[in-house]
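So you can see what is in the structure, the chains are spelled out below.
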Amino acid sequence: MKRMKKFIALVLCACMFTILLSGCASVGDGKRIIRISHAQSETHPEHIGLLKFKEYVEENLGDKYEVQIYPNELLGGAQKAIELTQTGAIDFVVAGTANLETFAEIYEIFSMPYLFTSEEAYHATMMDTEYMTENVYESTDEAGFRVLTWYNAGSRSFYATKPIETPEDLKGLKIRVQQSPASIKMANAFGAAASPMSFGEVYTAIQQGVIDGAENNELALTNNKHGEVAKYYSYNRHQMVPDMLIGNLKFLNSLSEEELKIFEEAAALSTEVELEEWDVQVEEAKRIAQEEMNVEFIDVDVQVFRDAVSSVQDEMLVENPTIQSLYDHIQEINSQYEDAEEGN
Ligand code: GCU
C-alpha cells in the first residue's frame, strides 16, 4: 500500500513537472502557451485584470499565443511562482513587492511604513511607467525577470482576533507578515511579534491560534475569508503596496518589437481594469465583512501609529542607500498632493 502511494505521488510529481517544463512547448494547434500564476481567487480584481490581458493578447496575436491564467497559488506561493518565472518554467506571475526584495533591494522601499502620504501620490508614482521601468522594474533583469505593470492592492492595516486601538495593543501579538526582511522590521517596529509566512497559510494560522492576526487590505477579509477568523480590522493604513506583473526576461526579449508592444499594451489595459474593479470590490468587501461576517472596523488615530514607527524610514535609508533616489522622488510627489490639498 505504502509503495502504491509512493508510486502515485511520483507519477503526480512527474505530471506537474511535465506541465511546468512544457512552458516553451506548443499546444496541438501550434500555439505557444503563455502561463500566468497568481495567488488570488477568480473573482479578485487582479484575475479580472488578467482576463483583459489575455483577451488583448489573443485578439492581436491569437494565431501565435494562448494565455492561460492559474489562480489560487495553484502553481505555488508567490516565492515559488517567482522562481518558476525566473527559470522560464512559466512566463508571468503576479506578486507583491515584498517578495521581490531578495532579488533587488530597491523593492524594500514599498515596505516602509507611511511611505506615501496620500492615495493620489501613490497612484501618480505608480502610473509613471517610464520612471518606474527605468528606476525600478529593470532592477531584476539580472535575476532573469522584469516587471511589466502594477496592480493596486489598496492600503494595508492590522486585523486580529482582538481589537487594536493603539500601537500599545500590538505589543505581544503575533502578527503574520509577508516573507521579507523589511516587512518583519516594520511589524516589529510597531511592537508586534512578526511572524512571516506565505499568504495561503494565514487563515489556518489564525484559526488555530498560531498567530493573533495579520495585516492586509480589506479583500483579505472576504476574498480570502480571513474575516471568518479575525473579527477586528483597525484602519491604521501603514502601507500602500502594489502587486507586480512580472515576466520572464528571456521570453520578453524573444518577442519582436510589435509583439512586445502588444504585451505592454495588454499589461497597461489590465491595470486599468484592475484599478476600476479594485475600487468597486473594496467597498463591497467592507459591506460583506461588516454585515455578513460581523467584522468590526475600527477607525484609529493614524497619527499615533505613524509616530510609533517614525524612526523606521530614516533607519531604512541608512541601511539601504539604493532606495534613496526613489524615496526623494516619492517625497516630491507626496508634497505636490499635500500642496494641492492645502490650496483647496
Ligand atoms: C495581498 C497582495 C498579495 C500579497 C498578499 C500577502 O493579497 O495582493 O500580493 O501576497 O497580500 O500579504 O501575502
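Source: prediction; values computed, not measured.

Chemist: I tried to follow the site of the ligand on my own but got confused; where do I start?
Modeler: Residues in close proximity to the ligand include Q40, G96, A153, R156, R176, Q178, F199, N216 and D243, which together make up its full environment. Within the side chain of N216, one N or O atom sits 3.0 Å away from an oxygen atom of the ligand. Here D243 contributes a side-chain N or O atom positioned 2.5 Å from an oxygen atom of the ligand. A total of 310 Å² of accessible area belongs to the ligand in isolation, and the protein chains cover 93% of it. For the shell around the ligand, a count of residues per class yields two nonpolar, four polar and three charged.

Chemist: What exactly am I supposed to notice about the pairing of strand 4 (residues 145–151) here?
Modeler: Two faces, one strand: in a regular strand the side chains alternate between the faces of the sheet. Most of strand 4 is tucked away, with six of its seven residues classed as buried. Across six bridges, strand 4 lies against strand 10 (residues 243–248) in antiparallel orientation. Of the residues in strand 10, the one forming a bridge with V147 is I246.

Chemist: Can you walk me through the nonpolar core in this structure?
Modeler: Side chains that are nonpolar tend, in soluble globular proteins, to be buried together. Within the largest apolar cluster, 50 residues are counted, with the highest numbers of intra-cluster contacts made by Y107, I109, Y137 and M244. Setting aside chain neighbours within four positions, we find I109 in contact with L115, I323, L326, Y327 and I330.

Chemist: Please explain the sheet that holds strand 4 as it appears in this structure.
Modeler: Consider a sheet: its strands pair through backbone hydrogen bonds, and that pairing is either parallel or antiparallel. A sheet is described by the order of its strands in space; here five strands give the open sequence 2-1-3-10-4, paired in mixed fashion. Looking at the sheet topology across the chains shown, the edges are occupied by strand 2 (65–70) and strand 4. With strand direction ignored, the average angle separating the axes of adjacent strands in the sheet is 25°. Where strand 3 (residues 92–96) lies against strand 10, five bridges are found, and the strand directions are antiparallel. When the sheet's bridge partners are listed, F92 is paired in strand 10 with G247. Packing of helix 3 (residues 78–87) onto the sheet brings it into contact with strand 1 (32–37), strand 3, strand 4 and strand 10, and relative to strand 3 it is tilted by some 145°.

Chemist: Can you walk me through the pattern of salt bridges in this structure?
Modeler: Think of it this way: side chains of opposite charge can pair up when their charged atoms draw near. Overall, the coordinates contain 17 salt bridges when judged by the stated rule. Two residues, E215 and R156, come together in a salt bridge whose shortest N-O distance is 2.9 Å. In this pair, E215 is assigned in strand 8 (residues 213–216) and R156 in strand 5 (residues 155–160), connecting sequence segments 59 residues apart. E215 gets classed as buried once you look at its relative accessible area, which sits at 1%. Owing to a relative accessible area of 7%, R156 belongs among the buried residues under this scheme. Note that K286 and E283 form a salt bridge whose closest N and O atoms lie 3.4 Å from each other. Highlighted residues: K286 and E283, both in helix 10 (residues 257–292), separated by three residues, approximately one helical turn. Among the ionic contacts, a cluster of salt bridges with common partners joins E284, R287, E291 and E292.

Chemist: What should I look at first to understand the packing of helix 6 (residues 181–189) against helix 12 (residues 312–319) in this one?
Modeler: For any two helices packed against each other, the geometry is given by the interaxial angle and the distance between the axes. As a packed pair, helix 6 and helix 12 sit with axes 11 Å apart at the nearest point and diverge in direction by 150°. In terms of their interaxial angle, helix 6 and helix 12 are classed as roughly antiparallel. Seen along the crossing, helix 6 lies across helix 12 with a hand that is right-handed. Note on element contacts: helix 12 touches helix 6 through V312, E315, M316 and E319, opposite A182, K185 and A189. Here the residues of the contact of helix 6 with helix 12 are counted per class, giving four nonpolar, no polar and three charged.

Chemist: Any chance you could explain the pairing of strand 6 (residues 174–177) here in plain terms?
Modeler: Two elements, strand 6 and strand 7 (residues 193–196), share four bridges in a ladder whose sense is parallel. The residue bridging R176 from the neighbouring strand is S195, located in strand 7. Where the polypeptide runs from strand 6 across helix 6 and back to strand 7, its parallel neighbour, the crossover connection is right-handed.

Chemist: It is not clear to me how the packing of helix 2 (residues 45–61) against helix 10 should be interpreted in this structure. Could you clarify?
Modeler: Interhelical geometry of helix 2 versus helix 10 gives an angle of 150° and a closest axis separation of 7 Å. By the angle between their axes, helix 2 is roughly antiparallel relative to helix 10. For the element pair helix 2 and helix 10, the recorded crossing hand is right-handed. Grouping the amino acids of the contact of helix 2 with helix 10 by side-chain chemistry returns 14 nonpolar, four polar and six charged.

Chemist: Can you help me understand the domain arrangement of the chain in this one?
Modeler: The figure often quoted for interface size is the accessible area lost as the parts come together. Domain annotation for the chain reports domain 1 (2–153 + 241–282) and domain 2 (155–240 + 294–343). Taking the mean C-alpha position of each, domain 1 and domain 2 sit 24 Å from one another. Counting residues at the interface gives 37 residues for domain 1 and 43 residues for domain 2. On the domain 1 side of the interface with domain 2, the three residues burying the most area are M112, P113 and Y114, jointly 21% of the side's total. Our count for the domain 1 to domain 2 interface comes out at zero salt bridges. Across the contact surface, domain 1 and domain 2 share 15 residue pairs in polar contact (both at pLDDT 80 or more). For the side of domain 1 that touches domain 2, the secondary structure elements donating two or more residues are helix 4 (119–127) and helix 10. Ranked by residues supplied to the side of domain 1 that touches domain 2, first place goes to helix 4 with six residues.

Conventions we followed
- Residues numbered from 1 in each chain as written.
- Predicted model: local features only at pLDDT ≥ 70, side-chain atom pairs only at ≥ 80, totals over all residues.
- Heavy atoms only, no water.
- Near = heavy atom within 4 Å.
- Polar contact = N/O pair within 3.5 Å; in protein donor to acceptor, adjacent residues only side chain to side chain.
- Areas by Shrake-Rupley, 256 points an atom, 1.4 Å probe, with all protein chains shown as cover.
- Nonpolar A, V, L, I, M, F, W, Y, C, P; charged D, E, K, R; others polar.
- Buried < 20%, exposed > 50% of the residue type's maximum accessible area, 1.4 Å probe, protein only.
- Helix = DSSP H or I, 4+ residues; strand = E, 2+ residues; numbered from the N terminus.
- Pairing = 2+ DSSP bridges.
- Core = buried A, V, L, I, M, F, W, Y, C linked by side-chain atoms within 4.5 Å.
- Contact = heavy atoms within 4.5 Å.
- Axes fitted to C-alpha atoms, helices over the stretch in contact; angles between N-to-C directions.
- Salt bridge = Lys/Arg side-chain N within 4 Å of Asp/Glu carboxyl O.
- Parallel < 35°, antiparallel > 145°, perpendicular 65-115°, else oblique.
- Left-handed = near helix turned anticlockwise from the far one by under 90°.
- Right-handed = clockwise from strand over helix to strand, strands pointing away.
- Domains from an automatic or database assignment.
- Buried area = accessible area lost by both parts, 1.4 Å probe.

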